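# Per-entry structural report
Chain by chain, the residues:
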Amino acid sequence: MLPSPKSVGRFTLCLAAIAMGLALVAAPFFTSRAIIQDMFGLLTLLILAMNWNMLAGFAGLVSVGQQAFVGVGAYVMFAAIILFDLDPLLAIGIGGLGAMALSVPMAFFAFRLNGAYFAIGTWVVADIARLVAGQIKALGGGTGTSLPKGTSKEMIGVDHIQALMKISGAAAADALVYWLALALAACTLFASYLFLRSRMGLGLQAIRDNSAAARSVGVDPLRLQLAVFVLCALGTGICGGLMFLQITRITPDAAFSVIDWTAFVIFIVVIGGLGTLPGPIVGAVIFYALQRAFADYGTVYLILLGAVGIGTMLFARKGVWGTLASRFGIDILPLRHRAPKRTAASPRPRATSVTASH
Amino acid sequence: MIWLDTIMQGILLGGLYALFAAGLSLVFGIMRLVNLAHGDLIVLAAYLVLVIATALGFNPFAAALIALPIMFAIGWLLQSLLFNRVLDDGILPPLLVTFGLSVVIQNGLLESFSADSRKLSAGTIEASSVSVGPVSLGITPLMTLGSAVIIIWLLNQLFYRTALGRAFRATSDDAVTVQLMGIRPKKIFAIATGIAMVVATIAALYLGIRANFDPSIGPARLLYAFEAVIIGGLGSLWGTLIGGIVIGLAQSFGAAVNPEWQILAGHIAFAVILIFRPRGLFPRATD
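Residues numbered from 1 in each chain as written. Chains lettered and ligands numbered in written order. Predicted model: local features only at pLDDT ≥ 70, side-chain atom pairs only at ≥ 80, totals over all residues.

## With respect to the overall build of chain A
Note the cut-off: In DSSP terms, a helix is any run of H or I states spanning at least four residues, a strand is any run of E spanning at least two, and both are numbered starting from the N terminus. The globule rule is 2.2 Å times the number of residues to the power 0.38, and the radius of gyration it is compared with is taken over C-alpha atoms. Counting other C-beta atoms within 10 Å of a residue's C-beta gives its exposure: the residue is buried at 20 or more, exposed at 12 or fewer, and partly exposed in between, where C-beta atoms are placed from the backbone. Remark: residues whose backbone-derived C-beta atoms lie within 7 Å of one another are considered to be in contact.
Regarding its fold elements, chain A presents 15 helices and two strands. The globule rule puts the C-alpha radius of gyration for 358 residues at 21 Å, and the 22 Å found for chain A is close to it. In chain A, buried positions account for 44% of the 358 residues. A sequence separation of at least 24 residues applies to 73% of the contacts in chain A between residues at least 6 apart.

Dropping the structure here:
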């Protein structure tokens, strides 16, 4: 049997995705260090955006406190390296666990607040975390601290990469953190897809669309939302560790910056397309391009960004990806479930089956 | 006697926070809109008062009188052109639009006025104080608390004694049915946001006289204001005043122990109250 046109489309798409993935993995072998650093920046933004999109776009949890997880992930990583002399790679993982550990009491507190007040609750918790971080004298208090010189070069695996690619230690460290970010981004995307396609993901979207109706068919909102909140804290925390390993200097204000780690991320997702999986990718690329083009204009750039965000909400609420997808009928990484097919033998179902869509 | 002094300073500071929060409480009570740009709008009002005072050589209090109608118009326009378009579809669009507005205002102010901190100088009244028993109280903090009480009393009168207040309450209860009675909810909302901006201007006046301000301080004021609204209980204006005083007291005690703990103490008081009373101290509206 010949493949249908639709499955041919999917097949080409798969090939394109694999080729793209291979190119991204191989990038450090054929591009300059500056480009790798740029792509690292883009990937970390993408990871933050995908995590926020899971929370706000799928779980109905509009968090304005993502900087808490970035900051705690980074601070715990700095503590593990500076105070306990651990390998940076291990320290990043511990940072992620630290962010995850914060997310549990944060959820206990913020989940009491409905809707919009949840946003404020998470913001307040993030501000508490920032102020507490400023009290840690061992990590420089309010003025912050730096990693010992050359920390990232001592990471496990850097010397192998250095020998293999015949590049400087610093370039090898850049390549390693780039691959880590790429792996984390790929994992986040893949895990989000699998999760959303699963029974639990269906339940999650049902809660977002109508909490009462979802509960009436036996979906437990609290358990599912908590699971997503905690997992997103882990991803965001690891990402925070990665970013600050490259920045090498930490202050409470930088690590817990609401503008850098939450506002930008919100704009990325909103412009790209909230509640779709490709949305954050499209948004991150647009954001990054705008940033490269207008970064010299500083405040004017931020005004423009805010205005574009407002404009998107007013005129194209589905964002760039959502608008394109509905206009041209494309659906990469589809989350819709088809209704079960009726065979000739089976009787017509009495009630119409419920299909979940976003 | 130092504790008595700390308590008094805390209560007076609470008056300022209640002024920050009253506009927010009003808008939330009527249309369930959470305005994340409220703090930045207060800072915008402070700059507006500053500009009028410098340009015309006025005292800040006189300048604020001119700023009041301008801020009412800004609130009215924001609601008509922006917020009304995103109210119908869940909590996310209004949150994101007001968040975007916050970034626009903050950076707009930064572009026009630079990051230098400014202050409104009100002359000799700033330094004068009265002695009440063992403690001495500043005149402007007393005026701040007094204004907060008067404004909340006036807002309550407006709410429960006037035709406009009746329209506010009816729209808040059922924005569809009021249309059968000849009320247009979107116009009511625009007036409400205008009034909220009038209150924000008065808050800005006392903020600017009390301390330095710069374009970046809006979000922190927003958090204090929200904490006051939530502690007080949604929809209760007197509750908002009490909420402001609770935050003021907590910050004042925190600062007395260690100046670095001022903000932290306020946040922690908020968290603790919310754990024991999730709906605030005097809840009126259900969300």
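Don't stop here, the text continues.
## Some details on the overall build of chain B
For chain B, the count of helices and strands is 10 helices and two strands. Each helix and strand of chain B, ordered N terminal to C terminal, gives the series α-α-α-α-β-β-α-α-α-α-α-α. A compact globule built from 287 residues should have a C-alpha radius of gyration of about 19 Å, and chain B, at 19 Å, falls within 12% of that. Projected onto its principal axes, the C-alpha positions of chain B cover 60 × 50 × 35 Å. Here chain B holds 287 residues, and 53% of them are scored as buried. Summarising the internal contacts of chain B: among those between residues at least 6 apart in sequence, 75% fall at separations of at least 24.

## Observations regarding the domain arrangement of chain A
The figure often quoted for interface size is the accessible area lost as the parts come together. Residues and elements named next belong to chain A. Short version of the rule: Boundary definitions for the domains trace back to an automatic or database domain assignment.
For chain A, the assigned domains read domain 1 (31–256) and domain 2 (257–330). Distance from the C-alpha centre of domain 1 to the C-alpha centre of domain 2: 20 Å. On the domain 2 side, the residues contacting the 21 residues of domain 1 number 18 residues. Contributing elements (two or more residues each) for the side of domain 1 that touches domain 2: α2 (33–58), α3 (66–82), α7 (169–197) and α11 (252–255). It is α2 that provides the largest number of residues to the side of domain 1 that touches domain 2, a total of 11 residues.

## Description of helix α2 (residues 38–56) of chain B
Applicable threshold: The length a helix should cover is 1.5 Å for every residue beyond the first.
A rise of 1.5 Å per residue sets the reference length of α2 of chain B, with its 19 residues, at 27 Å; its end C-alpha atoms lie 27 Å apart and thus fit the reference within 8%. Counting buried positions over the 19 residues of α2 of chain B gives 14, a clear majority of the element.

## Here's the deal with the confidence of the model for chain A
Stated formally: By definition, pLDDT measures how confident the predictor is in each residue, and it falls between 0 and 100.
Per-chain confidence: chain A averages 86 in pLDDT, with 92% of residues scoring 70 or above. Within the model, pLDDT remains below 50 along residues 351–358 of chain A, and this stretch shows 12 contacts once partners closer than five positions in the same chain are excluded.

## Topic: the environment of A67 of chain B
All names here are of chain B. By secondary structure assignment, the location of A67 is in helix α3 (residues 60–81). Residue class for A67 comes out buried when judged on the 27 C-beta atoms lying within 10 Å of it. Residues within four places of A67 in sequence aside, it is in contact with A45, L48, V49, I52 and T201.

## Here's the deal with the interface of chain A and chain B
The interface is formed by 32 residues belonging to chain A together with 34 residues belonging to chain B. Only α5 (115–133), α12 (258–272) and α14 (299–315) of chain A provide two or more residues apiece to the side of chain A that touches chain B.

## Looking at unusual backbone geometry
Residues and elements named next belong to chain B. Of note, the phi angle at R32 is positive, near 55 degrees, even though the residue is not glycine. Along the chain, the position of R32 falls in the loop between α1 (2–31) and α2. What makes R32 partly exposed here is the crowd of 18 C-beta atoms within 10 Å. Here the phi dihedral of S114 falls at roughly 65 degrees; this positive angle occurs in a residue that is not glycine.

## Here's the deal with the packing of α1 of chain B against helix α5 (residues 139–161) of chain B
Residues and elements named next belong to chain B. The cut-off we apply is this: Angular values range over 0 to 180 degrees, each being the angle between N-to-C directions of two axes fitted as lines to C-alpha atoms, with helices fitted over their stretch in contact. To sort the angles, those under 35 degrees are grouped as roughly parallel, those over 145 as roughly antiparallel, those from 65 to 115 as roughly perpendicular, and the leftovers as oblique. Left-handed describes a crossing whose near helix is turned anticlockwise from the far helix through less than a right angle; right-handed describes the clockwise counterpart.
Between α1 and α5, whose axes approach to 7 Å, the crossing angle comes to 30 degrees. In terms of orientation, α1 lies roughly parallel with respect to α5. The two elements α1 and α5 meet at a crossing, and its hand is left-handed. Only P141, L142, T144, L145, S147, A148, I151, I152 and L155 of α5 make contact with α1, whose side of the interface consists of I11, L12, G15, L16, A18, L19, A22 and L26.

## With respect to α3 of chain A
In an α-helix, one turn spans 3.6 residues, which is why side chains three or four residues apart end up on the same side. Between its first and last C-alpha atoms α3 of chain A spans 24 Å; for 17 residues at 1.5 Å apiece the expected length is 24 Å, and the two agree. Counted residue by residue, α3 of chain A has 15 buried out of 17 residues, so it is predominantly covered.

## A look at the nonpolar core
Selection criterion: Think of a nonpolar core as buried Ala, Val, Leu, Ile, Met, Phe, Trp, Tyr and Cys residues chained together by C-beta atoms that fall within 7 Å.
M77 and A181 of chain A together with L19, A45 and V49 of chain B are the most contacted members of the largest nonpolar core, which has 205 residues in total. Setting aside residues up to four positions removed in sequence, A45 of chain B forms contacts with A67, M71, A200, T201 and A204 of chain B.

## Here's the deal with the packing of helix α6 (residues 163–173) of chain B against helix α7 (residues 185–210) of chain B
Residues and elements named next belong to chain B. Condition: For this scheme, ten residues count as nonpolar: Ala, Val, Leu, Ile, Met, Phe, Trp, Tyr, Cys and Pro. Four count as charged, namely Asp, Glu, Lys and Arg, and the remainder, Gly too, count as polar.
At a minimum axis separation of 10 Å, α6 and α7 run at an interaxial angle of 120 degrees. You can see that α6 and α7 cross each other, and the crossing is left-handed. Residues A167, F168 and T171 of α6 pack against P185, I188 and A192 of α7. Grouping the amino acids of the contact of α6 with α7 by side-chain chemistry returns five nonpolar, one polar and no charged.

## Here's the deal with the pairing of strand β2 (residues 135–138) of chain B
Residue and element names in this part refer to chain B. Basically, it comes down to this: Strand pairing is defined by DSSP finding a minimum of two bridges between the two strands.
Inspection of the sheet shows strand β1 (residues 129–132) paired to β2 by four bridges, in the antiparallel sense. Counted as the bridge partner of V132 is V135 from β2. In sequence, β1 turns back onto β2 through a hairpin of two residues, with G133 there showing a positive phi of about 60 degrees.

## Some thoughts on the environment of L110 of chain B
Here L110 of chain B is to be found in helix α4 (residues 92–113). The spatial distance from the C-alpha of L110 of chain B to the C-alpha of D214 of chain B is 8.2 Å, given a sequence separation of 104 residues. When sequence neighbours within four positions are dropped, the list of residues in contact with L110 of chain B reads T299 of chain A together with A115 and P215 of chain B.

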